[in-house]
Amino acid sequence: MSEAVGKMLGVGRALGSRVVTNKDLEETLETDDAWVTERTGIRERRFVAEGEDCATLAVDASKAALAHAGVEGEELDLILCATSTAPESMPSVACLVGEAIGAPGVGAFDVAAACAGYSYAANVASSMLKGGAARRMLLIGADAMTKIVDQNERSTAVLFADGAGAVVLEKGDGESGFVDHILGADGRMAPLLRAGHPGAEEKLYQNGREVFKFAVRIFPEMVEKLLARNDVNPDEVQYVIPHQANARIIQAAVRKMRIPEERVVVNMDRYGNTSAASIPISYPDIYADFEPGRYVITVGFGSGLTWAANLYRI
Ligand SMILES: CC(C)(COP(=O)(O)OP(=O)(O)OC[C@H]1O[C@@H](n2cnc3c(N)ncnc32)[C@H](O)[C@@H]1OP(=O)(O)O)[C@@H](O)C(=O)NCCC(=O)NCCS
């Protein structure tokens, strides 16, 4: 059995404090609840309120994960945050988290891979744990997408939202942790999905149809590749946690996989597309049910275009 690195000790999340339903959006956009629910699977989402941003969400999620793990900030030796919506170009969100959780001097940096960010950063995390650069660390996915989305553009405003998820990882005993990763990117497809920095005039643009087709192809392809090359039987997979872009992407992908839909985790109905946060914000809902020895597959895809997936043994 291949060695597992990066055992989860605790998980936490934070969400924008404004609950915004599809009905609420009907007041400002030419849209309707039925269209959004049917075309995307999203019923409501959480937006940041005054005083909240990607960094405050990352801090709150990190504090929740540390409390869950029973670990203090000063006991960490690395903070890694996947995000594309840091409030400022510098410092990184990870540095702001380090300050807020009482971890001065602890190495901290951000990873930018858009909606594939968490899946990318999980690979970086396990590599650093394996190589000895860190023994116990925070892995965060955080995005405040409302800062880069035009709230008057109905085709994107209904999709994206704000949240953060965090995980405390330690190297572990080789039994539980990440056992394999996939990373990919193709900058030729950059024009399909792009956005300016928070505060910039250039808001998020996407070619929804092309991104949809790409996601439906790459998602099951990565799952099958991880199963095949690690000799894992689909029955051994307890959960697949995909990036939460659109419920129809998940349904179409499931038809191409050997894992039944009930084992595929969905949170977009409540939280929308929270980009790098969409995978880790689901952990608090399922962590207590994790069955040792089984597997969790996380699958990300997004702007870049980027894609990444991880096989985690519980
Ligand atoms: C964006 C997305 C939901 C659009 O769904 P779609 O079925 O492709 O719909 P289309 O783009 O063909 O648009 C159909 C119609 O609905 C309209 N429409 C778009 N947004 C709407 C909204 N919020 N409310 C009502 N109508 C809307 C369009 O203007 C279009 O009208 P037209 O036919 O008169 O031009 C879908 O393409 C999608 O989810 N793509 C993937 C995007 C994604 O996941 N991005 C992030 C990846 S990380």
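Coordinates for the structure precede this section.
Here's what I pulled together on the structure shown here.

Rules used throughout
Per-chain numbering applies: the sequence of each chain, read as written, is numbered from 1 onward. The model is predicted, so local features are restricted to residues of pLDDT at least 70 and side-chain atom pairs to those at 80 or more, both for listing and for counting; the totals for chains, interfaces and linings are taken over all residues. For helices, the axis comes from a line fit to the C-alpha atoms of the stretch in contact; other axes are also lines fit to C-alpha atoms, and the angle between any two N-to-C directions lies between 0 and 180 degrees. Going along the chain from the N terminus, every DSSP run of H or I of four or more residues is numbered as a helix, and every run of E of two or more is numbered as a strand. Roughly parallel means an angle under 35 degrees; roughly antiparallel, over 145; roughly perpendicular, 65 to 115; everything else is oblique. Definitions for this section: a left-handed crossing has its near helix turned counterclockwise from the far helix by less than a right angle. A right-handed crossing has that turn clockwise. Here, residues touch in the contact sense if the C-beta positions derived from the backbone fall within 7 Å of one another. When residue character is reported, Ala, Val, Leu, Ile, Met, Phe, Trp, Tyr, Cys and Pro are called nonpolar, Asp, Glu, Lys and Arg charged, and the others, Gly included, polar. Residues with at least 20 other C-beta atoms within 10 Å of their own are called buried, those with 12 or fewer are called exposed, and the rest are partly exposed. The C-beta atoms themselves are positioned from the backbone. Should DSSP find at least two bridges between two strands, the strands are regarded as paired. In this text, near has one meaning. A residue is near a molecule or strand if its C-beta atom, placed using the backbone, is within 6 Å of it.

**As for the packing of helix α3 (residues 54-69) against helix α4 (residues 93-100)**
Next, step 1: Where α3 contacts α4, the two axes come as close as 9 Å, and the packing angle between them is 50°. In terms of their interaxial angle, α3 and α4 are classed as oblique. Like other packed secondary-structure pairs, α3 and α4 cross with a definite hand, here right-handed. Along the contact surface, α3 presents C54, A55, A58, V59 and S62, while α4 presents V93, L96, V97 and A100.
Next, step 2: Here the contact of α3 with α4 is built from residues that sort into 8 nonpolar, 1 polar and no charged.

**Here we look at the packing of helix α7 (residues 208-229) against helix α8 (residues 247-254)**
Next, step 1: The geometry of α7 relative to α8 is characterised by a closest axis approach of 9 Å and an angle of 40° between their N-to-C directions. By the criterion of interaxial angle, the relationship of α7 to α8 is oblique. For the pair α7 and α8, the crossing hand works out as right-handed. Of the residues in α8, those touching α7 at F212, A215, V216, F219 and P220 are I249, A252 and A253.
Next, step 2: Tallied by class, residues from the contact of α7 with α8 come to 8 nonpolar, no polar and no charged.

**As for the pairing of strand β4 (residues 78-82)**
Next, step 1: The buried fraction of β4 amounts to 5 of the 5 residues, a majority that puts the element mostly inside the structure.
Next, step 2: Both faces of β4 are covered, namely the face carrying L78, L80 and A82 and the face carrying I79 and C81.
Next, step 3: Pairing of β4 with strand β6 (residues 136-144) involves 5 bridges; the strand directions are parallel. Within β6, the residue paired with L80 across the bridge is L139.

**Observations concerning the sheet that holds β6**
Next, step 1: If you walk across this open sheet you meet the 5 strands as β1-β7-β6-β4-β5, and the pairing is mixed. Both edges of this open sheet fall to β1 (7-15) and β5 (108-111), since each of them pairs with a single strand only. Between one strand and the next, the sheet's axes are offset by a mean angle of 15°, whatever the strand orientation.

**Quick look at the site of the ligand**
Next, step 1: Around the ligand sit 18 residues in total, of which T31, C115, G208, A245 and N246 are the nearest.
Next, step 2: Those elements that provide at least two residues to the shell around the ligand are α2 (33-40), α6 (154-157) and α7.
Next, step 3: Residue composition of the shell around the ligand, by class: 7 nonpolar, 8 polar and 3 charged.

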